Amino acid sequence: QPIIVAKNVEKTYDNGFHVLKGVSLTVNKGEVVVLMGPSGSGKSTFIRTFNALEPYQKGSIEIDGILIAHDAKNIELVRREVGMVFQQFNLFPHLTILGNVTLAPIHLRGMSKADAEDLGMTLLKRVGIDHQANKYPGQLSGGQQQRVAIARALAMKPKVMLFDEPTSALDPEMVREVLDVMRGLAESGMTMVCVTHEVGFAREVADRVIFLAEGMLVEDTTPDKFFNNS
Ligand code: ADP
Ligand code: ADP
């Protein structure tokens, strides 16, 4: 069943740039969608509207039945449903790895510290970082930090995970460890929308490849068709 339903989404930035020109996309539960397209085509802006990081002006976006208002005011509900991982890992440098992962469960979900730490350790184990739980982000490699960022997003028990070029800032040898975690997440049935240039990941893991160009969705097809036709 549909979990992300975006209809005719239009967005113009304050400077007048019309970045999204009526984009529609439906993603079903458990689907993995890879979003591709040239730099500047609006990929990042589009997925940022899904968790109300960007307001939009026309059309509608529903996540698991929750309407994201145009002005992105009802963000709290939707942020619980949607986890996001960025190109820059955005970890809190003054908190330990475990502290980064437990922050939202304690403060936004009201979990006890002990329960949040149990959950945090389980998630850190899942991404292979549990032995680094008491270190600080600056002591970890980029690939390790990105895996922590994934664990931190999962700690809110989201129904949808968004990835915005999660491997673009990583040294080549670290790309694989992050893609492996994403692949595991996909296999566990997570609904995922991933902006990435990783063709191998798209071919092997994606159910659908979406292509955005100049703010319009110009292709929505299977990886097989997408990569054989282009
Ligand atoms: P992509 O992820 O496909 O590279 P983005 O969504 O990041 O594209 O950006 C699409 C276009 O919107 C780019 O031309 C970018 O410069 C522009 N843009 C992004 N953010 C802003 C902003 N805050 N104000 C004005 N233009 C912006
Ligand atoms: P990415 O492609 O990784 O999203 P960008 O370079 O497009 O990175 O954007 C980085 C930041 O700069 C974002 O917060 C975006 O909103 C902002 N930005 C990008 N282009 C513009 C622009 N033309 N005017 C104002 N802000 C912009």
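Just above, that's the structure.
Just so we're clear, the structure is a prediction, and the values are computed from it rather than from any experiment. (Residues numbered from 1 in each chain as written. Chains lettered and ligands numbered in written order. Predicted model: local features only at pLDDT ≥ 70, side-chain atom pairs only at ≥ 80, totals over all residues. Heavy atoms only, no water.)

## Notes on the site of ligand 1
Now for step 1: By nearness alone, every residue bordering ligand 1 is listed as Y13, N15, F17, V19, P38, S39, G40, S41, G42, K43, S44 and T45.
Now for step 2: Here an oxygen atom of ligand 1 and a backbone polar atom of S41 are 3.2 Å apart.
Now for step 3: Between S44 and ligand 1, the recorded distance is 2.8 Å, taken from a backbone N or O atom to an oxygen atom.
Now for step 4: Relative to its unbound accessible area of 570 Å², ligand 1 is 61% covered by the protein chains.
Now for step 5: Ranked by the residues each element gives to the shell around ligand 1, the list is headed by helix α1 (residues 43–50), at three residues.
Now for step 6: Split by residue class, the shell around ligand 1 holds four nonpolar, seven polar and one charged. (Near = heavy atom within 4 Å. Polar contact = N/O pair within 3.5 Å; in protein donor to acceptor, adjacent residues only side chain to side chain. Areas by Shrake-Rupley, 256 points an atom, 1.4 Å probe, with all protein chains shown as cover. Helix = DSSP H or I, 4+ residues; strand = E, 2+ residues; numbered from the N terminus. Nonpolar A, V, L, I, M, F, W, Y, C, P; charged D, E, K, R; others polar.)

## Some remarks on the sheet that holds strand β9 (residues 208–213)
Now for step 1: Strands sit in the order β6-β7-β8-β3-β9-β10 across an open sheet of six strands; the sheet is mixed. Only two strands of the sheet have a single neighbouring strand rather than two, namely β6 (82–85) and β10 (216–221). Ignoring which end each strand starts from, the neighbouring axes of this sheet average 20° apart.
Now for step 2: Pairing geometry for strand β3 (residues 32–36) and β9, over four bridges, is parallel. Bridged to L35 within β9 is I210. (Pairing = 2+ DSSP bridges. Axes fitted to C-alpha atoms, helices over the stretch in contact; angles between N-to-C directions.)

## Quick look at the layout of surface pockets
Now for step 1: Quantified by volume, the largest pocket comes out at close to 630 Å³.
Now for step 2: Lining the largest pocket are 23 residues, and of these R79, A104, L108, R152 and M156 sit closest to its centre.
Now for step 3: When residues of the lining of the largest pocket are traced back to their parent elements, those giving at least two are α2 (75–81), β6, α3 (97–107) and α5 (142–154).
Now for step 4: In terms of residue class, the lining of the largest pocket is built from 14 nonpolar, five polar and four charged. (1 Å grid on protein atoms, 1.4 Å probe; cavity = no way out; pocket = protein on both sides within 12 Å on 5 of 7 lines; lining within 4 Å. Points joined across faces, edges and corners; volume = space filled by probe spheres on them.)

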